[in-house]
Amino acid sequence: MRSKWWGGLAALLCGAAAVLVAAQPAQAATGFSVSGTTIVDANGKPFVMRGVNHAHTWYPSQLNSSLSGIKALGANTVRVVLASGQRWTKNEASDVTNVISQCKANRLICVLEVHDTTGYGEQSGAATLAQAVDYWISVKSALEGQESYVILNIGNEPYGNGSAASSWTTDTKSAISRLRTAGFQHQIMVDAPNWGQDWQFIMRDNAASVFAADPSRNTVFSIHMYGVFDTAAEITDYLGRFQTAGLPIVVGEFGFDHSDGNPDEDTILATAQARGIGYLGWSWSGNGGGVEYLDMVTNFNPSALTTWGQRIFNGANGIKATAVEASVFGGQQPSSPPPSSSSPSPSTSPSTPAGSCTATYTINNSWPGGFQGTVTVKAGAAPISGWTVSWTWPNAQRFTNSWNATVTSSGETVTARNAAYNGSLAAGASTSWGFTATSGSTNTPPNPINCA
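Everything numeric in this text was worked out from a predicted model, so none of it was measured.

S.K.: How do you make sense of the pairing of strand S12 (residues 357-367) when you look at a structure like this?
M.R.: For a regular strand, side chains alternate in direction, first toward one face of the sheet and then toward the other. In terms of strand pairing, S12 meets strand S13 (residues 370-379) through ten bridges, oriented antiparallel. Bridged to Ala-359 within S13 is Val-377. Counting the residues in the hairpin turn of S12 and S13 gives two residues, including Gly-369, whose phi is positive at 85°.

Structural data, given as structure tokens:
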């Protein structure tokens, strides 16, 4: 974490040209894969990360209770801090096996990261990306066969600021190549340089070539949002450029405050929800070095939520309202529909009753040239085993992303069918699916909305 342009405090536990080349389609992969901007799980279902970071390597005795607490508060993913031995005691393969086992027991997707790389070039003793790859190869036995549950984040914030950051592109490509050559079939996540915040736009402007260098086309980019991202314009522009280029991105770390500036967490959460982008807040508990306010719970106690914990778990566009469990664990939906992020009176259009179900179309949020919507499907007087929603766009709107439904379009005609896990509804029960789309100067909801 460094200041917006030249540097600042690096805490112990916290770690402008546009991208114009679109990503190539994902090739066949084991476990998680990439389809355009979407992360897809082992069952072929879109997966949007909603979770937090946990500092396991410094607090190994807190693993089990922390993961159970994180899950109980609604998360579907946990990013786990590991050490490769350069700065902190190495987490051996046996420990990695235990971490993965506990993630699976708590029905959490496990993003594993090496923290020793943090701030290389500025941070004394930091590991190189090459050393991080050496570590992954050394614990490969713990990772084999876990591709459906584990995403491999090569190294946390692998470069600081200054001239060293210019090596990010070449070194990241080399790290990916070595992992693939060593037989890793996992989805790979790569962090940005500049202490994760990419204020020099090195990752942004070279992401397409890095993605193309992965023979599996299965690399996801991770931006860390702290003081650099203190305005809505910076957040929406950065994330939007990746989606426009057809590249997958997640917010791998962020907070509600920081020593290098005040991140706009409301926009981070709202934009991630509107655009189907994953996020992982920093961090569960145990922060030091002056950033203790980033603890989500006090002393690892899930019943003692802090201000930040309340915001990320229970607030608008937070984890409890928006997380959907990975389908490899059952794909459970949040208990209530996600709240609107900005529109107090969302535009809605009910379906015309046409049989076994009805559907309601809601515009939850909008921005120049685009919007996010939700369609709620409700069974009629009898149970249903599947549903199909259809409509005709009135103003040339077009989907850019969708989740919790299989959506096809032919010109203005839209057809959405249930996913495997949300088609069966009891009498009177409902489920929701969401999407983002482009719009022109007008954005009239379609009418009628048909459900059958």
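S.K.: Help me understand helix H8 (residues 265-275) in this model?
M.R.: Along an α-helix, residues three or four positions apart point the same way, because every turn accommodates 3.6 residues. Across the eleven residues of H8, ten count as buried, placing the element largely inside the fold. Along H8, the positions that sit buried rather than exposed are Glu-265, Thr-267, Ile-268, Leu-269, Ala-270, Thr-271, Ala-272, Gln-273, Ala-274 and Arg-275. Within two residues after H8, Gly-276 carries a phi angle of roughly 65°, on the positive side.

S.K.: So what exactly am I meant to see when it comes to the state of the cysteines here?
M.R.: Working definition of a disulfide: a covalent bond connecting the sulfur atoms of two cysteines. Considering all chains together, one arrives at one disulfide under this definition. What pairs with Cys-357 in a disulfide is Cys-451, and their sulfur atoms sit 2.0 Å apart. In this structure the cystine formed by Cys-357 and Cys-451 twists about its S-S bond by roughly -105°; its chirality is therefore left-handed. You can see Cys-357 sitting in strand S12 and its partner Cys-451 sitting in strand S19 (residues 449-451), a full 94 residues away along the chain.

S.K.: What is the right way to look at the packing of helix H7 (residues 232-244) against H8 in this model?
M.R.: Packed helix pairs are specified by the crossing angle of their axes together with the interaxial distance, meaning the distance between the axes. Between H7 and H8, the least distance of the axes is 10 Å, while the angle of their chain directions is 25°. By the angle class used here, H7 and H8 are roughly parallel. Crossing angle aside, the handedness with which H7 passes H8 is right-handed. Contacts between H7 and H8 pair Ala-232, Ile-235, Thr-236, Leu-239, Gly-240 and Gln-243 from the former with Thr-267, Ile-268, Thr-271 and Arg-275 from the latter. Its residues assigned to classes, the contact of H7 with H8 shows four nonpolar, five polar and one charged.

S.K.: Teacher, can you tell me more about the nonpolar core here?
M.R.: Burial of nonpolar side chains together is a common tendency in soluble globular proteins. Within the largest apolar cluster, 97 residues are counted, with the highest numbers of intra-cluster contacts made by Leu-112, Trp-136, Leu-143, Ile-154, Phe-221 and Ile-223. The leading source of residues in this core is helix H6 (residues 202-213), at six residues. Contact partners of Ile-154, with chain neighbours within four places excluded, come to Val-114, Leu-129, Ala-132, Val-133, Trp-136, Ala-175, Ile-176, Leu-179, Ile-188, Met-189 and Val-190. Counting residues in each nonpolar core, the second largest holds 22 residues, with Ala-379, Ala-405, Val-414 and Ile-449 among its members.

Parameters at a glance
Residues numbered from 1 in each chain as written. Predicted model: local features only at pLDDT ≥ 70, side-chain atom pairs only at ≥ 80, totals over all residues. Heavy atoms only, no water. Pairing = 2+ DSSP bridges. Helix = DSSP H or I, 4+ residues; strand = E, 2+ residues; numbered from the N terminus. Buried < 20%, exposed > 50% of the residue type's maximum accessible area, 1.4 Å probe, protein only. Disulfide = S-S within 2.5 Å. Axes fitted to C-alpha atoms, helices over the stretch in contact; angles between N-to-C directions. Parallel < 35°, antiparallel > 145°, perpendicular 65-115°, else oblique. Left-handed = near helix turned anticlockwise from the far one by under 90°. Contact = heavy atoms within 4.5 Å. Nonpolar A, V, L, I, M, F, W, Y, C, P; charged D, E, K, R; others polar. Core = buried A, V, L, I, M, F, W, Y, C linked by side-chain atoms within 4.5 Å.

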